[in-house]
Amino acid sequence: MSDLETFRAEARAWLEENCPAEMRTPAKGDEDVCWGGRNFVFQSEAQKLWLERCVAKGYTVPDWPKAYGGAGLSPQETKILRQEMAKLGCRSPLNSFGIWMLGPALLKFGTEEQKVHYMGQIARGEIRWCQGYSEPGSGSDLVSMQTFGEDKGDHWVVNGQKIWTSYADKADWIFCLVRTDKTNKYQGISFLLFDMETPGVSTKPIKLISGNSPFCETFFDNVVVPKHQIVGEVNRGWDVAKYLLGHEREMISGMGGDGGVTSIGAAMKATLSQEPVLRAQMALFDVDNLTFRAHGERFMDEWKTGKAHPAYSNLMKYVGTELNKKRNELVMSIGGSQALEWESERSNGGSKARNWLRTKANSIEGGTSEVMLNVVSKRILEMPGA
Amino acid sequence: MAMTLNDDQNMLRDTARDFMASEAPVTHFRKFRDMGCKDGFSHGLWKQFAEIGFTGVLIPEADGGMGMGQIEAGIVLEEIGRNLAPSPFLTTSVAAVEALKLADKAMRDRWFPGILAGETVIGIAIEEGVKHRPEQIACVAERSGNGFKLTGQKQFVVQGASSDMLIVAARTAGAAGETDGLTLFAVDKDAAGLSMEAVRLVDSAVAAHVKLDGVQLDADAVIGEVDGGWAVLSKMLDAGRVGAAAEMVGVGSGAMDMTFEYLKTRKQFDRVIGEFQALQHRAAHLYGEMEGARSIVLKAQSLMDEGHAKAELYVAAAKAKAGLACNLAVREGVQMHGGIGMTDEYDIGLYMKRDRSLNEFFGDAYYHADRVATMNGY
């Protein structure tokens, strides 16, 4: 057996022995997802056990170095582990913005001390992070942001407001873009980390069209942030932010090599067989869905071997989010009047309708589809103009 | 398998790219089109394909070929597509070879050497109506003497009238609509009772309407098993489909690159038109569609090469997606070129014609999307 085949067999055996049966069923909703953090309440003993076992093995962040809480797996090994988890139906032991976004940025820009401290906390699911980027007047034009940190020698005093902060009301810490030089647009922003319990930080959930409130407004009123809680250099936070956005977009496309290929059509056969035009739409969607999964697999293989264009994740973000919106439109059409039900038990509390509405944000958050197309056009296709 | 080309495959791509660019650029295609060539391709170029080894890319090494897979055949096809190089490669070296690989040794020995030498051309005689419906084959092969007698008609037999042999699918049992009871035959071009009418297509290829009027064949003309032809036919069709998809990735990429270049040079309103966001967004969207098509085609090829159970599903998806993306590329190409896109002098229109033909070949995007739905259980 080759080394990779040996690894596959070992990973499989480990998963079979350590992943509790309850954690091999699909998560029913967000409440089944383990986000970790100081205030997280485990939904079951199995969920807690699964996290603890993965933490001990480094499998919450398998491709991170062992020194920072990972398992030190190669890209190929990580892909194999994900494939084996998908085959057994294992749930993700830990979801977190720390894993997807902050960790990779720390790995590239953080000090050794920051990597050991913050990445270790993330890997163990101890601290739940949120992201402070957008502001009321700075959406797609993010770099116009105004939240200001006044230099007070050994610390900054931060004042301002962020918006669309995912789960800010549940997060323990925030990674936040703060203007530290008002005279320089791009090179006047710093990337700061601070505790959401720091005096002067407050949050207010925003109720969305789905009826849920995954986002908050976040206010900073004379918040003191020590100087050592900066990632990268002072006034060079935009570099960190851009790198991290790239990772966010990559994550959206990298939902696992074998993930997502199963058609939702089979379960809807009774309806589709009576609705030929809808069935045709579903068929064309399946073509696009299989295409996107193959595209994502190819992109990840190229990304990990350094062959992908640095701006390619913008393309994947555009394609993936538009596809997800299409999927939910079809789910609603196939579901008919039952999918319109908003609260009933029959509709699982209106889950189809709420998910459908939630996906409308996919092509807005993390860079709108229009901004993605601008970036692809200018950076990859090298189209001329401003 | 990683979804990236390995070193050998990259080398083959460079070879194919250089070869097509120097020996068969679009000017080559125009030359043969303008002379009203009866074959629609150059026998000289077909010989050159053989000299560089392309014609035997899928022929097993034991039979004197390169013994490679669909990924490698697709690499050659992409460059054929990008240059609109006219050749019998897709029908002869891909579809026919995949069928003949399942034939007995005598049959392989009869046809492989000619293909390897770039001397033999083989036509695929499947279609009986204007749309691809292989399970509806009604052409009859009744037992006669020590063999069979074929009666029926075929159409859209690309390069049929230039072929040395036709692979004909006929019914030895069962009724139209059934996959059981089909048999594949190798029919020599000189067989008594075989007649052809060559017709020029929109892309200047030449296809044949074929009449089989009691064509008498010996039993050794059978490819594969009598009544069990569906297995061979499926293999042949899937190779042809994934091959056509790869060629469409080339056609679409060629059209797209040409169009992007035009956007960067054409000036209106005192600006290069590529500065206009209305065009930039469409260009970026098209790029995404073509990248998706390239990915699903590579996935389908690698699953076929692995003999994976899901290969059929992915081939259908790949043929559908490549067809839709390539079609978008040529439509956007002509539109973004504006008036000159409508002229015969500019190449973009030639890509539009080729796309149309390849989309139709072995089932269009809608046919294959329907198959994806069926295979996905609805």
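Counting restarts for each chain, with residues numbered from 1 along the sequence as it is written. As a convention, the first chain written is A and the first ligand written is 1, with the rest following in written order. Only residues with pLDDT of at least 70 are given local features in this predicted model, and only at 80 or more are side-chain atom pairs given and counted; all residues enter the totals for whole chains, interfaces and linings.

Draft legend 1. Spatial organisation of the overall build of chain B. Runs of E in the DSSP output that reach at least two residues are strands. Runs of H or I that reach at least four are helices, and both are numbered from the N terminus. What chain B contains, in helices and strands, is 11 helices and 10 strands. For a compact globule the rule gives 2.2 Å times the number of residues to the power 0.38, and the radius of gyration it is set against comes from C-alpha atoms. Its C-alpha atoms give chain B a radius of gyration of 21 Å, within 12% of the compact-globule value 21 Å for 378 residues. Overall, chain B is about 80 × 50 × 40 Å in size when its C-alpha atoms are taken along their principal axes. Any residue with 12 or fewer other C-beta atoms within 10 Å of its own C-beta is exposed, any with 20 or more is buried, and the rest are partly exposed; the C-beta atoms used are placed from the backbone. Counting across all 378 residues of chain B, residues that qualify as buried make up 54%. By the criterion used throughout, residues are in contact when their C-beta atoms, derived from the backbone, lie within 7 Å. Relative to all contacts within chain B whose residues are 6 or more apart in sequence, the contacts with residues 24 or more apart total 74%.

Draft legend 2. Geometry of the domain arrangement of chain B. All names here are of chain B. The domain architecture assigned to chain B consists of domain 1 (7–121), domain 2 (124–227) and domain 3 (230–375). A separation of 21 Å is found between the C-alpha centroids of domain 1 and domain 3. Every contact between the two is made by 19 residues of domain 1 and, on the other side, 26 residues of domain 3. Looking at which element gives the most residues to the side of domain 1 that touches domain 3, the answer is helix H4 (residues 70–83), with 10 residues. Among the residues forming the side of domain 1 that touches domain 3, the class breakdown is 11 nonpolar, four polar and four charged. Per the annotation, domain bounds derive from an automatic or database assignment of domains. Charged means Asp, Glu, Lys or Arg here, nonpolar means Ala, Val, Leu, Ile, Met, Phe, Trp, Tyr, Cys or Pro, and polar covers whatever is left, Gly included.

Draft legend 3. Inspection of the confidence of the model for chain A at higher detail. Residue and element names in this part refer to chain A. Note: pLDDT gives the predictor's confidence per residue, expressed from 0 to 100. When pLDDT is averaged along chain A, the result is 92, and 96% of the positions lie at 70 or above. Across chain A, the element-wise mean pLDDT spans from 78 in helix H6 (residues 237–253) up to 98 in strand E4 (residues 173–179). Below a pLDDT of 50 lies the segment residues 254–258, which in the model reaches 11 contacts outside its immediate sequence neighbourhood of four places, other chains included.

Draft legend 4. Region of the structure containing the pairing of strand E2 (residues 140–144) of chain B. Residues and elements named next belong to chain B. Between any two strands, pairing holds if DSSP finds at least two bridges. Here E2 runs beside strand E3 (residues 147–158); their pairing, made up of five bridges, is antiparallel. Across the sheet, glutamate 142 pairs through a bridge with lysine 149, a residue of E3. Hairpin connection from E2 to E3: two residues lie between these consecutive antiparallel strands, with glycine 145 at a positive phi of about 60°.

Draft legend 5. Inspection of the domain arrangement of chain A at higher detail. Taken domain by domain, chain A holds domain 1 (3–95), domain 2 (129–236) and domain 3 (254–380). Across the side of domain 2 of chain A that touches domain 3 of chain A, the residue classes tally to two nonpolar, four polar and no charged.

Draft legend 6. Expanded view of the packing of helix H9 (residues 312–335) of chain A against helix H8 (residues 277–306) of chain B. Axis angles are defined between N-to-C directions and span 0 to 180 degrees, where every axis is a line fitted to C-alpha atoms and, for a helix, only to the segment in contact. Across the interface, H9(A) lies against H8(B) with an axial gap of 10 Å and an inter-helix angle of 90°. One finds that H9(A) runs roughly perpendicular with respect to H8(B). Here H9(A) contributes A:Leu315, A:Tyr318 and A:Val319 to the contact with H8(B), which in turn contributes B:Gly288, B:Glu291 and B:Gly292. Grouping the amino acids of the contact of H9(A) with H8(B) by side-chain chemistry returns three nonpolar, two polar and one charged. When describing relative orientation, an angle under 35 degrees is termed roughly parallel and one over 145 degrees roughly antiparallel, while 65 to 115 degrees is termed roughly perpendicular and anything else oblique.

Draft legend 7. Here's a closer look at the interface of chain A and chain B. Each partner contributes residues to the interface: chain A has 35 residues there, and chain B has 33 residues. Breaking the side of chain A that touches chain B down by element, the ones donating at least two residues are helix H7 (269–272), helix H8 (276–304), H9 and helix H11 (369–380) of chain A. Of all the elements, H8(A) adds the most residues to the side of chain A that touches chain B, at 15 residues. By residue class, the composition of the side of chain A that touches chain B is 19 nonpolar, eight polar and eight charged.

Draft legend 8. Looking closely at the environment of A:Glu302. Considering the arrangement of structural elements, one finds A:Glu302 in helix H8. The exposure class assigned to A:Glu302 is partly exposed, which follows from the 16 C-beta atoms found within 10 Å. In sequence terms A:Glu302 and A:Val375 are 73 residues apart; their C-alpha atoms lie 19 Å from each other. Contact partners of A:Glu302, with chain neighbours within four places excluded, come to A:Lys307, A:Ala308 and B:Thr4.

Draft legend 9. Local environment of the packing of H8(A) against helix H9 (residues 311–337) of chain B. Axis separation between H8(A) and H9(B) bottoms out at 9 Å; the angle between their running directions is 100°. Put simply, H8(A) runs roughly perpendicular to H9(B). Across from A:Val287, A:Leu290 and A:Thr291 in H8(A), the residues of H9(B) making contact are B:Tyr314, B:Ala317, B:Ala320 and B:Lys321. The residue makeup of the contact of H8(A) with H9(B), split by class, is five nonpolar, one polar and one charged.

Draft legend 10. Focus on the pairing of E3(B). With 10 bridges connecting them, E3(B) and strand E7 (residues 206–218) of chain B associate as antiparallel partners. Considered in E7(B), the bridge of B:Phe148 is made with B:Leu217.

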